[in-house]
Amino acid sequence: MEYVASLAYAKEKDRQDPLNKFREQFYFPQRNGKDAVYLCGNSLGLQPKNVKAAIEQELADWQQCAVEGYWAAKNPWLYYQQYCSAPLTGIMGASRQELTVMNTLTVNLHLMMLSFYRPNKQRFKVLMEAGAFPSDQYAVETQVKFHGLDPEQAIIEVSPRAGEHLIRLDDILEIINRESDSLALVLLGGINYYTGQFFDIPAITAAAHSVGAYAGFDLAHVAGNIPVELHNWDVDFAVWCSYKYLNGGPGAVGGAFVHEKHASNRGFLRLGGWWGNEESARFKMEKGFVPKKEAEGWQQSTAQVFNMVSLKASLELFEAAGIGALRKKSEELTNYLEFLLQQLKGINFEIITPKNCNERGAQLSLLFQERGKEIHQHMTDAGIIVDWREPGVIRVSPAPMYNSYQDVFHFYEIIANIASNA
């Protein structure tokens, strides 16, 4: 596709975009008396305008129904998690049996590891990417210690090769094969938060299974960004948050996937709680945990209505837009952003995100060898909202649900002006 670095071109692309109407369904923060150029959906999605009415509905039902809201509310609270999990099945490539929403990401990661990381004398190692998001690193470190093991011995990290920024699939597969007898779990981020690299989940999963290890993924930067096929790819488990591309709001409820071959097995080890118990026996208040034969069998507590309502509202927009159409626009937006960045002169940075669309989502990571923090501050002062990650990356993420080609062009204009005045 031939791109043009002009406002007229960006306006025409927006005019042709069938998803451009969804932009009006979101609130943009204001900077300098106008909408900010918000390219930070990989950290926190914008607020959908339908959230306020959705919250007010639950407040009204709480006011009018009190405890009877569990069955008499407009959206009965007994089944609230299912209002979010149902639309997520298409986005994550899962059946209703395999997906639930509950807790938050790292809590869910710990719960999944308690089920899927059960080391013994021979199999005790966990493979993860070097530079994984700190919460994942902390979770794995403490899980290993929980089992009385030494993280230095039990955790294997796969790193980029010298002089490179990205992790090669061949290197991941080589370690899996090399550590085949001792490997218990492969646990990677679906997308590395720093570089924006999207890993080959089906290839990694197949390799893990070939040596007798489980394969799990943190999909915080994947959910709502890239459609995946967790069931068909035979992934054992996955977890994610919903406050980034899914626009569920700050601290919103997390999600979890458990493949049906595990979820349907009531004997598969998990921690119990009454919301994960078989529904027909839940209110008998009897001893003996009998988990649901589905991912909801990992739930522990009553659905967090007010921590799910914003996600429920946002997912209505996802269902209307379609994850396939959103992904198509995302590729085009990100390609246009990459093209514009290549036109910049007088500013020293490197795009460290893969060039191949199949190996990245909406994010481009710009690595600055010098003045990166200063340039980020200039962007902030000019009304651009992107984020800075030490030691030198500015992450730019045009979210297709609400970002436009004009957003991307205005970002380019502003950064070009910063470069010319440097």
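What counts, and where the lines are drawn
- Residues numbered from 1 in each chain as written.
- Predicted model: local features only at pLDDT ≥ 70, side-chain atom pairs only at ≥ 80, totals over all residues.
- Heavy atoms only, no water.
- Helix = DSSP H or I, 4+ residues; strand = E, 2+ residues; numbered from the N terminus.
- Buried < 20%, exposed > 50% of the residue type's maximum accessible area, 1.4 Å probe, protein only.
- Lys, Arg positive; Asp, Glu negative; His and termini not counted.
- Salt bridge = Lys/Arg side-chain N within 4 Å of Asp/Glu carboxyl O.
- Contact = heavy atoms within 4.5 Å.
- Arc of directions from axis to C-beta.
- UniProt positions renumbered as here; feature names shortened; annotations may be inferred.
- Domains from an automatic or database assignment.
- Buried area = accessible area lost by both parts, 1.4 Å probe.
- Polar contact = N/O pair within 3.5 Å; in protein donor to acceptor, adjacent residues only side chain to side chain.
- Nonpolar A, V, L, I, M, F, W, Y, C, P; charged D, E, K, R; others polar.
- Patch = residues over 30% accessible without salt bridge, like charges linked within 9 Å, V, L, I, M, F, W, Y side chains within 5 Å.
- Areas by Shrake-Rupley, 256 points an atom, 1.4 Å probe, with all protein chains shown as cover.
- Pairing = 2+ DSSP bridges.
- Axes fitted to C-alpha atoms, helices over the stretch in contact; angles between N-to-C directions.

Describing unusual backbone geometry
Piece 1. Cis geometry is found at the peptide bond from glutamate 390 to proline 391, where omega equals 10°.
Piece 2. The backbone of aspartate 234 sits at a positive phi, close to 65°, despite the residue not being glycine.
Piece 3. Mapping aspartate 234 onto the fold places it in the loop between strand S10 (214–218) and strand S11 (237–240).
Piece 4. On the accessibility criterion, aspartate 234 (25% relative accessible area) is partly exposed.
Piece 5. In the Ramachandran plot, arginine 371 falls in the positive-phi region, its phi being about 60° despite a non-glycine side chain.
Piece 6. Turning to its location among the elements, arginine 371 is positioned in the loop between strand S14 (364–368) and helix H14 (372–381).

Some remarks on the side chain of glutamate 58
Piece 1. Its place among the elements puts glutamate 58 in helix H2 (residues 51–65).
Piece 2. Despite being buried, glutamate 58 has no salt bridge partner; lysine 312 is the closest side chain of opposite charge, sitting 5.5 Å away.
Piece 3. Here glutamate 58 is in contact with Asn75, Trp77, Tyr80, Val305, Phe306 and Val309, once residues within four sequence places are set aside.

Considering H14
Piece 1. Within H14, the full set of buried residues consists of Gly372, Ile375, His376 and Met379. Projected onto a plane normal to the axis of H14, the buried residues spread over an arc of 100° and lie on a single side.
Piece 2. Buried residues along H14 sit in contact with S14, strand S15 (384–385), strand S16 (387–389), strand S17 (393–396) and helix H15 (405–420).
Piece 3. Downstream of H14 by a residue or two, glycine 383 has a phi angle that is positive, lying close to 95°.

A short note on the UniProt feature "binding site: pyridoxal 5'-phosphate" (unreviewed entry) in the protein
Piece 1. The positions that UniProt labels "binding site: pyridoxal 5'-phosphate" (unreviewed entry) are, in the present scheme, Leu105, Thr106, Phe133, Pro134, Ser135, Asp136, Asp218, His221, Tyr243, Trp274 and Thr302. Spanning 198 residues, the named residues are also spread out in space, since their farthest C-alpha pair is 31.4 Å apart.
Piece 2. Structurally, leucine 105 is set in helix H5 (residues 105–116).
Piece 3. When residues no more than four places from it in sequence are discounted, the contact partners of leucine 105 are Asp136, Asp218, Ala220, Val239, Trp240, Cys241 and Gly254.
Piece 4. Counting through the fold element by element, serine 135 comes out in helix H6 (residues 134–146).

Some points on the domain arrangement of the protein
Piece 1. Here the protein is described as being made up of domain 1 (7–47 + 323–421) and domain 2 (55–319).
Piece 2. The distance between the C-alpha centroids of domain 1 and domain 2 comes to 29 Å.
Piece 3. Contacts between the two partners involve 34 residues from domain 1, matched on the other side by 25 residues from domain 2.
Piece 4. Buried surface at the junction of domain 1 and domain 2, summed over both partners, amounts to about 2,300 Å²; 61% is from carbon and sulfur atoms.
Piece 5. At the boundary of domain 1 and domain 2, one finds 0 salt bridges.
Piece 6. For the pair domain 1 and domain 2, the interface holds 11 residue pairs in polar contact (both at pLDDT 80 or more).
Piece 7. At the level of secondary structure, the elements contributing two or more residues to the side of domain 1 that touches domain 2 comprise helix H13 (323–342), S14 and S17.
Piece 8. Among the elements that take part in the side of domain 1 that touches domain 2, H13 stands out by supplying 4 residues, more than any other.
Piece 9. Looking at the side of domain 1 that touches domain 2 residue by residue, the classes come out as 14 nonpolar, 13 polar and 7 charged.

Remarks on a nonpolar patch on the surface
Piece 1. Together, Leu59, Trp62 and Phe306 line one region of the surface with nonpolar side chains, adding up to about 330 Å² of accessible area.
Piece 2. Inspection of the secondary structure assignment puts phenylalanine 306 in helix H12 (residues 305–321).
Piece 3. The class of phenylalanine 306 is partly exposed, set by a relative accessible area of 40%.

Brief notes about the pairing of S14
Piece 1. Within S14, 5 of the 5 residues are buried, which leaves it mostly tucked inside the rest of the structure.
Piece 2. Residues Leu364, Leu366 and Phe368 line one face of S14 and the alternating positions Ser365 and Leu367 line the opposite face, and both faces are buried.
Piece 3. Bridge count between strand S13 (residues 349–351) and S14: 3 bridges; the pairing is antiparallel. Note that in S14 the partner of phenylalanine 349 across the bridge is phenylalanine 368.

Structural notes on the pairing of strand S9 (residues 183–189)
Piece 1. Among the 7 residues that make up S9, 7 are buried, leaving the element largely enclosed by the rest of the structure.
Piece 2. Where strand S7 (residues 125–129) and S9 come together, 3 bridges link them in parallel fashion. Note on S9: the bridge partner recorded for leucine 127 is valine 186.
Piece 3. Looking at chain direction, S9 and S10 are connected through 5 bridges and run parallel. Of the residues in S10, the one forming a bridge with leucine 188 is phenylalanine 217.

What about the sheet that holds S11?
The strands that make up a sheet are held in pairs by hydrogen bonds between backbone atoms, and each pair lies either parallel or antiparallel.
Piece 1. Taking strand neighbours across the sheet as the criterion, the 7 strands line up as S6-S12-S11-S10-S9-S7-S8 in an open arrangement whose pairing is mixed. With one partner strand each, in any of the chains shown, strand S6 (99–101) and strand S8 (155–158) form the two edges of the open sheet. On average, adjacent strands in this sheet sit at an angle of 20° to one another, irrespective of strand direction.
Piece 2. With 4 bridges connecting them, S11 and strand S12 (residues 255–258) associate as antiparallel partners. Across the sheet, residue valine 239 finds its bridge partner in S12, namely alanine 256.
Piece 3. With respect to the sheet, helix H4 (residues 80–92) is in contact with S6 and S11, its orientation differing from that of S6 by roughly 135°.

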